[in-house]
Amino acid sequence: MLTTDTIQALARELYQARKTRVQLRHFSGRYPEMSIEDGYAIQRAWVQLELADGRRIKGRKIGLTSRAMQLASQITEPDFAPLMDDMFFDNGSEIAIDRFIAPRVEVELAFILGKPLRGPGTTLFDVLSATEYVVPAIEIIDARIEQFDRETKQMRKVFDTISDFAANAGIVLGGRPVRPMDVDLRWVGALLHKNGVIEETGLAAGVLNHPGNGVAWLANKIAPFDEQLNIGDVVLAGSFTRPTTAVRGDNLHADYGPLGSISFRFV
């Protein structure tokens with residue numbers, strides 16, 4: 001376990017890295033004794049720095065819930081992080097790529113809660129009952145901590161990813177909101193286009209067999225921290241495609257069929 005002073009210092013490094021867009025080397029390389037609990041402690045300390053700046057938490061994200069994402073990241077354990085209010089962008093907007101270091105995009109579903117969810121013991125049925133509506137989403141992920149070490153080329157560990165807000169950097173909501181029982185969410189599919197070319201396709205069932213299972217997992221996971229999911233929270237259930245890289249000038253478009261579409265451009 002890392003000391004409190006070390007946790008605070010590493011949180012400050014991430015806070016600064018997000019502002020300066022200068023990547024950090026792996027914390028796990030500097031501190032081989034680092035644990036998953038340390039990663040979440042660093043994340044929570046970073047959140048406090050953001051809150052002190054006047055930011056607000058608008059929800060949560062769940063990462064690494066699908067087989068595609070686990071294979072892409074070489075990490076098998078899901079993770080989670082907060083969604084801060086300055087991470088939300090409008091559908092159809094132009095997004096300044098200078099806000100990010102190495103952005104990639106993922107296709108997801110977002111659950112908007114009409115009732116609180118508190119674990120332990122939260123089930124898929126509890127999630128469906130508590131959800132006001134589900135809406136298509138694109139998550140913009142980024143790496144304040146290097147994905148691959150600049151010298152050793154080793155992949156970062158789950159401790160690094162957890163510390164780094166589970167790689168979250170932005171979210172775009174769009175398409176057509178639906179009630180969670182009005183469609184079989186497992187069969188919601190999406191086509192992710194970049195500059196008119198289909199880069200990724202997937203089904204929401206790729207997220208733990210049902211994307212609502214990810215939300216239930218999250219409610220149970222945060223319960224030991226005396227935390228819960230609240231009314232109005234936006235919960236990203238996890239990507240069901242691999243991440244797609246993007247650069248300045250790229251046009252991104254995700255088509256969810258009957259649930260509509262999301263588009264934006266990096267400028």
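As a reminder, the structure under discussion sits directly above these lines.
What you see is a predicted model, and the numbers here were worked out from it, not measured in a lab. Within any chain, residue numbers begin from 1 and follow the written order of that chain's sequence. Owing to the predicted nature of the model, reporting of local features is limited to residues with pLDDT of at least 70; listing and counting of side-chain atom pairs is limited to 80 or more, with chain, interface and lining totals taken over all residues. To obtain the side-chain values, all non-hydrogen atoms of the structure were included, while hydrogens and water were left out.

Observations concerning the environment of Ile 112
1) Next: Residue placement: Ile 112 occurs in strand β5 (residues 104-113).
2) Next: Remark: exposure states derive from per-residue accessible area (1.4 Å probe, protein chains only) relative to the maximum for the residue type, with buried under 20%, exposed over 50%, and partly exposed in between. Of the residues examined, Ile 112 reaches a relative accessible area of 9% and is grouped as buried.
3) Next: Residues Ile 112 and Asn 195, spaced 83 residues apart in sequence, show a C-alpha to C-alpha distance of 30 Å.
4) Next: Only heavy atoms enter the contact rule, under which two residues are in contact if any of them lie within 4.5 Å. The residues touching Ile 112, leaving out its near neighbours within four places in the chain, are Thr 131, Glu 132, Tyr 133, Val 135, Gly 232, Asp 233 and Val 234. Runs of H or I in DSSP of at least four residues are treated as helices and runs of E of at least two as strands, each being numbered from the N terminus.

Observations concerning the environment of Arg 248
1) Next: Inspection of the secondary structure assignment puts Arg 248 in the loop between β11 (244-245) and β12 (251-255).
2) Next: Distance in space between the C-alpha atoms of Arg 248 and Asp 98 is 8.7 Å, their sequence separation being 150 residues.
3) Next: Apart from residues no more than four positions distant in its own chain, Arg 248 is found in contact with Ile 97, Asp 98, Phe 266 and Val 267.
4) Next: Within polar-contact distance, the side chain of Arg 248 engages the side chain of Asp 98 at 2.9 Å. N or O atoms closer than or at 3.5 Å make up a polar contact, with two conditions inside protein: a donor-capable atom paired with an acceptor-capable one, and, for residues adjacent in sequence, both atoms drawn from side chains.

Some thoughts on unusual backbone geometry
1) Next: Residue Pro 120 is reached from Gly 119 by a cis peptide bond, and omega for that bond is 0°.
2) Next: Turning to its location among the elements, Pro 120 is positioned in the loop between β5 and α5 (124-130).
3) Next: The backbone phi angle of Phe 165 is positive, close to 55°, even though this residue is not glycine.
4) Next: Mapped onto the elements of the fold, Phe 165 is located in the loop between α6 (158-163) and β7 (168-173).
5) Next: Even without glycine at this site, Ala 167 takes up a positive phi of about 70°.
6) Next: Here Ala 167 lies in the loop between α6 and β7.
7) Next: You can call Ala 167 buried: its relative accessible area is 5%.

Considerations on the packing of aromatic side chains
1) Next: Aromatic pairs are defined between Phe, Tyr and Trp rings, using the six-membered ring for Trp, whenever the two ring centres lie within 6.5 Å; interplanar angles under 30 degrees are classed as stacked, those over 60 as edge-to-face, and all others as tilted. Counted by the stated rule, this structure contains seven aromatic pairs.
2) Next: Relative to Phe 80, the ring of Tyr 40 lies with its centre 4.3 Å away and its plane at 20°, an arrangement referred to as stacked. You can see Tyr 40 sitting in helix α3 (residues 36-52) and its partner Phe 80 sitting in strand β2 (residues 79-84), a full 40 residues away along the chain. When sorted by exposure, Tyr 40 lands in the same class as Phe 80, which is buried.
3) Next: By way of ring pairs, the aromatic residues Tyr 40, Phe 80, Trp 217 and Phe 225 are connected into one cluster.

Quick word on the pairing of strand β9 (residues 197-203)
1) Next: One requirement defines pairing of two strands: DSSP has to find at least two bridges between them. With six bridges connecting them, strand β8 (residues 189-194) and β9 associate as antiparallel partners. Within the sheet, the bridge partner assigned to Leu 192 lies in β9 and is Glu 200.
2) Next: Counting the residues that bridge the hairpin from β8 to β9 gives two residues, and of these Asn 195 lies at a positive phi of roughly 55°.

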